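Observations on chain architecture
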Amino acid sequence: MARPLLVTDRRILEGPAGRRLLALLGAAVAVFDGCGVDGRVADVDACAARMRAEGLDGVVGLGGGSALCTAKGAAIAATSGAVRALEGLADLPAEPAPFVLIPTTAGSGTEVSPFTILRDDLDGAKFTIGGPSGFARAAILDPLSLEGLPPQVAAPAAVDALSHAFEAATSLRATPLSDALAQRAVRLLFAALEGSIIHGDVAARGDNLLGSSLANLACGQARLGLAHRLARPLEKATGASHGRTIGALLPLTLQAALQARLDVVPDLARDMGLQDHTPDAVVEALRALYDRIGFDPTLPPADTDAATIARAALHRRGEPEPTPNAGDAALVPAANGQSLPLGAARSLLAQVLSGDQSAGASITTALS
């Protein structure tokens, strides 16, 4: 890349990582620093138009998952056109412009993912594009990039990374390769998060970043689970961030998912440093980690009820419309092969919306 576009947000650009990167790239580098919460189609379109107008030949993304998805989207739109039309395609119609990604949070792992998640500015819905052509040319994991990251930002990002690892580990589509990645991610994250987030330890930050990337590679192989299936409509209903929403769901969905993959529980318990190799112990250790890193799993009030959110999770764009009168026998599917009956999903969401994080027997036994 001779003339790249640096895609980031103003806070990061003015922080330690942004200042270092600008010094390396030179003052003449083109900069888009308008990224906000979530990668948005309007920002992607603006970046791609600027690349074409100014003859820019690549993208450097610096930031959290939102900035990195904006950077990826810009590289894709520069060669493939309108990104909204790419949803549902098995691969991108054209090779993206070259792009390099540098995460400044250790959470989404999008720097090693071939998929890009964007928010539609028209209806507010999130959608995913990508495929085998969607990988970055390079992902740079530098512990110094986490310098200055406040715990209230770092903790939800870390919980998102944990969700990727746990959902891959409990996937019905898991392979020995995805298991190796997921379990290593769990081991790294559980050992490093307190030191990384609370104490600012450089080695722990490195393990935090590596664990986050490994977790994304794992779920790229084994696919995401029930927390992610329920998260999108729950985010829309509450206005909560992705990491906070996932964190509210994860203890309850994990309790259910472990029942379907009891074979992996001893390995996960060992990776978490536990003597008790039971699903309850794994979930309680997750909640205890929340406390240590200062993560609050409660959500803002929703603008709708749990039943409506559950039904929204049942249906996604491009899938058949659910039967209007579908009862509890309808299944809410996850990409990793697991599913919850609609009634169980509704109960789980109601529990999350109430702020009750205790285990629910009706939920843990309802996994299909």
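Everything discussed here concerns the structure shown above.
The rules behind the values
Residues numbered from 1 in each chain as written. Predicted model: local features only at pLDDT ≥ 70, side-chain atom pairs only at ≥ 80, totals over all residues. Heavy atoms only, no water. Helix = DSSP H or I, 4+ residues; strand = E, 2+ residues; numbered from the N terminus. Rg over C-alpha atoms; globule rule 2.2 N^0.38 Å. Areas by Shrake-Rupley, 256 points an atom, 1.4 Å probe, with all protein chains shown as cover. Lys, Arg positive; Asp, Glu negative; His and termini not counted. Charge placed at Lys NZ, Arg CZ, Asp CG, Glu CD. Buried < 20%, exposed > 50% of the residue type's maximum accessible area, 1.4 Å probe, protein only. Contact = heavy atoms within 4.5 Å. Expected span 1.5 Å × (residues − 1). Arc of directions from axis to C-beta. Axes fitted to C-alpha atoms, helices over the stretch in contact; angles between N-to-C directions. Parallel < 35°, antiparallel > 145°, perpendicular 65-115°, else oblique. Left-handed = near helix turned anticlockwise from the far one by under 90°. Pairing = 2+ DSSP bridges. 1 Å grid on protein atoms, 1.4 Å probe; cavity = no way out; pocket = protein on both sides within 12 Å on 5 of 7 lines; lining within 4 Å. Points joined across faces, edges and corners; volume = space filled by probe spheres on them. Nonpolar A, V, L, I, M, F, W, Y, C, P; charged D, E, K, R; others polar.

A word on the overall build of the protein
In terms of regular secondary structure, the protein is built from 14 helices and nine strands. In terms of C-alpha radius of gyration, the protein reaches 20 Å, essentially the compact-globule figure of 21 Å for 368 residues. Along the first, second and third principal axes, the C-alpha set of the protein runs to 60 × 50 × 40 Å. In the structure as shown, the protein presents an accessible area of about 14,500 Å², 56% of it carried by carbon and sulfur atoms. Taking the average place of the 30 positive charges on the side chains of the protein and the average place of its 38 negative ones, the gap between the two points comes to 3 Å.

Considering the environment of Pro-297
Tracing the backbone shows Pro-297 in the loop between α11 (279-293) and α12 (306-314). With a relative accessible area of 17%, Pro-297 lands in the buried category. Residues Pro-297 and Ile-246, 51 residues apart in the sequence, show an inter-C-alpha distance of 8.7 Å.

Quick word on the side chain of Asn-208
Within the secondary structure layout, Asn-208 lies in helix α7 (residues 202-222). Taking the relative accessible area as the measure of exposure, Asn-208 reaches 3% and is therefore buried. Excluding anything up to four places from it in sequence, Asn-208 contacts Ala-106, Leu-146, Leu-189, Ala-192, Leu-193, Ser-196 and Ile-197.

What about unusual backbone geometry?
With phi around 75°, Asp-38 is a residue other than glycine that occupies positive phi space. Checked against the element boundaries, Asp-38 lands in the loop between β2 (30-32) and α3 (41-54). In this structure, Arg-223 is a non-glycine residue whose phi angle is positive, near 80°. Relative accessible area serves as the criterion here: at 38%, Arg-223 is assigned to the partly exposed category.

Section: α3
If you check α3, its first and last C-alpha atoms are 20 Å apart, about what 14 residues at 1.5 Å a residue would give, namely 20 Å. Considered for burial, the residues of α3 that qualify are Val-41, Asp-43, Val-44, Cys-47, Ala-48 and Met-51. Down the axis of α3, the sector holding all buried residues measures 165°, keeping them to one side. Contacts from the buried residues of α3 go to β1 (4-7), β2, β3 (58-63), α4 (65-80), β5 (115-119) and β6 (126-130).

Focus: the packing of helix α8 (residues 226-238) against helix α9 (residues 242-260)
At a minimum axis separation of 9 Å, α8 and α9 run at an interaxial angle of 135°. With respect to their mutual orientation, α8 and α9 come out oblique. Along this stretch, α8 crosses α9, giving a crossing that reads as right-handed. In this structure, α8 contributes Leu-226, Ala-227, His-228, Leu-230, Ala-231, Leu-234 and Glu-235 to the contact, and α9 contributes His-242, Thr-245, Ile-246, Leu-249 and Thr-253.

Brief notes about the sheet that holds β3
The five strands lie next to each other as β2-β1-β3-β4-β7, forming an open sheet whose pairing is parallel. Every other strand in the sheet has two partners, leaving β2 and β7 (138-139) as the edge strands with one partner each. Here β3 pairs with strand β4 (residues 99-103) via five bridges, running parallel. Among the inter-strand pairings, Gly-63 is bridged to a residue of β4, identified as Pro-103. Against the sheet, α3 makes contact with β1, β2 and β3, and its axis sits at roughly 165° relative to β2, the strand it touches most. Packed on one face of the sheet, α4 meets β1, β3 and β4 and runs near 170° to β3.

Topic: the layout of surface pockets
Put simply, the second largest pocket is a space of about 180 Å³. Lining the second largest pocket, in full, are Ala-17, Arg-20, Leu-21, Leu-24, Leu-62, Ile-102, Ile-140, Asp-142, Leu-144 and Ser-145. If one sorts the elements of the lining of the second largest pocket by residue count, helix α2 (residues 16-25) sits on top with four residues. Looking at the lining of the second largest pocket residue by residue, the classes come out as seven nonpolar, one polar and two charged.

Details of empty space enclosed by the protein
Tallied over the full model, the rule gives one cavity of 30 Å³ or more. When its volume is computed, the largest cavity comes out at roughly 60 Å³. As for the largest cavity, its lining consists of Phe-166, Glu-167, Thr-170, Gly-225, Leu-226, Ala-227, Leu-250, Thr-253, Leu-254, Ala-257, Asn-336 and Gln-338. Of all the secondary structure elements, the ones that give two or more residues to the lining of the largest cavity are α5 (151-169), α8 and α9. The biggest single contributor to the lining of the largest cavity is α9, with four residues.

Description of the pairing of β4
Consecutive residues of a regular strand have side chains that alternate between opposite faces of the sheet. Of all the five residues making up β4, five are buried; the element is thus mostly covered by neighbouring parts of the structure. Of the two faces of β4, both are covered, the one formed by Phe-99, Leu-101 and Pro-103 as well as the one formed by Val-100 and Ile-102.

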